[in-house]
Each structure stands twice: as C-alpha cells, then as structure tokens.
Amino acid sequence: LTYGPAPGDLERVTTLGTEAFIASQLEPERLDEPAVLAEKLAGLPTESMDTVRLFREFGPKADTDGPPGPEAMRRVFDRTDAVALEAAKARLYRAILSRRQLYELMVAFWSDQFNLGAKKGLATLWVGSFEREAIRPHAMGRFLDLLSATAMHPAMLIAFGNWKNVSPRHGISSPGEGLDTSYAAVVLNHQTLGPGGPQKSGDVKALARIFTGWRVGAARDGAETGGFHFEPDLHDPTDKVFLGQPIKGSGVGEGAAALRILAGHKVTAVTISRKLIQYFLCDEPPPSLVKRLAETFTATEGDIREVLRALFTSAEFFDPKYRGNRFKRPLRQVVSTVRALGGAPRDTAALVGVLDGLGQPFYEAGSSEGHPILTATWLKPENVVRRVALAGDIVSGRLPVLG
C-alpha cells in the first residue's frame, strides 16, 4: 500500500497492526502531512495556480497583428515545459514524503488511466492543474465523479481533440473542425469499458455526437467554469442511442447522461477491478477476486475506496504466492529507493530525468494507454541494467538525492 518503507515504517506498522494500517491508508484525509512536504511544494510557484491562471500567465499572448510567430511560440513551449517540470517535481515530492502513500499510488494509477497521451499544445501546460483539479479530488472517491472531472477538463479536451469536435449540422467554424471520434474512442476503449467491451462503432460515433460543442474558453455569461465551455450552436441537438439506451437531445446534459451509463456499466466495473488487482497484486488476477471487486464496485456505485477495501481485506491479497514476485515499475523503483534512504530530497528534478531514462517519463506516455501496469512489460534486460546503474549512481553520490 506504499511506494516502499522509509526508515522506521516497518516498526510503526508492526506496532499499529496490519488491519489498522490498512484502515488508516484508506482514510488519507485523516493523516497529517509532514511540514517538509509543504515547504518543498511552496518552492514550486505554479503548484498553486489553477488552469485559467496558468493560461493567462504562461499561454500564448493575444497579438493584434495576427497569430504569434515561431519565436513567440518557442517561448510559449519553453514556458509550458517549465510548468510541466514543476508538476512532475511536485508528484515526486508527494510520493516520497507524504504519509498518504496509498492515496499517492492511486493518483499515479488514475493518471495513467486518464492519461493525456503525447505532448500536445496547452495540454502540456495543464498537466499539473489536470492532476490537481480532476484526479486528486476524486482519486479515492466515486468513479463517476472522476470520469466527469477528467472529461470536462481543458487538458483532456485539448489532448484528444474534443475541443474541435462540432456537429456538421451547424457547419464548420474553422478548418480542421467537424465530428471527431478520437476522444469518444478513448473513453470507451481505455477509460471505461476497455477494448473488449460491448461497444460498437455506432456507439463511438454516438458518444462523439454527444460530446460536440465541448470547448475550451470562458462561458458567455462570465461564470467561472475552470476553462470548460459548452457551445450550443456547435452541438448536435438530435436524440441519440448509446449502448442501447436512448439519450434525448438536451445539450451538455447528454454528456452527463452518457458518463453515468459508462460509470455504472458492469463491464466498466470488471475492467477497473481487474486493473486495480494488476496494479496492487498480480499480472493475472484470480477471476473470483475480479468478480467480488466488480460486485463491490456496482453495489457501491463506483466507490473507489470500498473497492480498495475489498481488495486489501481479501484472502488473495494475503496469499504468500503473490508476495515479493513483482518487478517494480520505474516510478515505484525510484521512489522506493529514495524513501529507503530517509530524509527529504534536495530537489527532484534529477529524478524526473532518471524516470525518462528508465522509460516512464512523467506526462509523456505517448498514447492514451498510459504506462503499462504489467510486470512482464518492464522485465527486460536493458531495464535491469539501467536500474543497476541507477543504484550505483545513488550510492556513489554521482546522483545527489538527499539534501
């Protein structure tokens, strides 16, 4: 349930007891954070900025003489990369120093599940605010809330092109716009039902039509929407049938209805349950455990905390045959190494570079699939060599980690 023990953790957990430790990690809001974590985060100015403010301070500037030229855009990209680096450093500080270890593991899990794919314009600027505004508040809450928050976040709208998904019935407002099924396919095939789900090509198109008119920008009435804007004139207002269920044309409410269908679908329950078991226990989940977790998911209306509780109190979770036989993903390897050393890292920028070299760069998975969960994916000779080299660099001091 943690990235790995820091000095003294094993003794504290032994004294507390396994059951009490699991219960405490399932209620992260009750765990106080160390002062050093707050100090480290305070040194990252963009960590306190929301999506709108980030755009105003670091995004492209309006130019009365026309669109910004190549040099101006290069400066924008430099700024967005700097903001993204601060987001990566913040995630590492939290993973290393936070007492809410299970919560941080879940943030990493959902960041892959709702991965933004390859670097793309403003989505790069907003990787940190996407995590803070869409992932973190719901990482151990209800799956529907998490799904909805990610779907309506400007970073997701940009990442998979849904910001230019408009109904052909109302004409095309600018070149490159029209009905775009890219994001709808990601939602169905990766974020919810999975590639083997019941969806057909007609469902992908129906969901894309439901998502038309979802834009990035300020609301017409001046209301604060976090950068999400619904444009009725660009929406397909006709009635739809999605996964066999009718959805009446009702504007932005159609999206909420479709997301409820997906979050409550039994196939989504199975898909998410299976992935959680793969993340925490084993590459080949026992079918009986998948079934029980999926039943909990359905019975609790997607309560992530209760699904985790069912997993961590199951007999399978304590079965010795699953213990100690997994090859860590690079993020877990790096964080567990630093935690084992004790103390606070002086800076995590070097560790961001290390993860890039180990094949798990922050916010750059390259596709909607995110970084692989399965151990077999990472268990390759070249990966072992890189990890041995990393251990040598840390021990020798060539890679200064602690302050």
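Reference entry: report on the structure contained in this document. All of these numbers come straight from a predicted model, not from anything done at the bench. (Residues numbered from 1 in each chain as written. Predicted model: local features only at pLDDT ≥ 70, side-chain atom pairs only at ≥ 80, totals over all residues. Heavy atoms only, no water.)

## Considering the environment of P7
Note the cut-off: Numbering of helices and strands runs from the N terminus; a helix is a DSSP stretch of H or I covering at least four residues, while a strand is a stretch of E covering at least two. Working definition: with a 1.4 Å probe on protein chains only, accessible area under 20% of the residue-type maximum means buried, over 50% means exposed, and in between means partly exposed. We call two residues in contact when some of their heavy atoms are within 4.5 Å.
Here P7 shows up in the segment before helix 1 (9-16). Take P7: its relative accessible area is 48%, and that puts it in the partly exposed class. Separated by 336 residues in the primary sequence, P7 and G343 have C-alpha atoms spaced 9.0 Å apart. Filtering out sequence-adjacent residues up to four positions away, P7 remains in contact with R12, R339, A340, L341 and G342.

## A short note on the pattern of salt bridges
Here is the rule we go by: Salt bridges are identified by distance alone: a Lys or Arg side-chain nitrogen within 4 Å of an Asp or Glu carboxyl oxygen.
Counted by the stated rule, this structure contains 22 salt bridges. Among the salt bridges present, the one from E104 reaches R136, with a minimum N-O distance of 2.9 Å. You can see E104 sitting in helix 6 (residues 101-113) and its partner R136 sitting in the loop between helix 8 (127-135) and helix 9 (143-151), a full 32 residues away along the chain. Judged on exposure class, the residue E104 and its partner R136 are both buried.

## Description of the side chain of S336
Short version of the rule: What qualifies as a polar contact is a pair of N or O atoms within 3.5 Å, subject to a donor-acceptor requirement within protein and to the restriction that residues adjacent in sequence count only when both atoms come from side chains.
With respect to the helices and strands, S336 occurs in helix 17 (residues 330-341). According to the relative accessible area criterion, S336 is buried, its value standing at 8%. Only 3.0 Å separates the side chain of S336 from the backbone oxygen of Q333, close enough to count as a polar contact. Sequence-distant contacts of S336, that is, excluding residues within four places in its chain, are made with Y3, G4 and K328.

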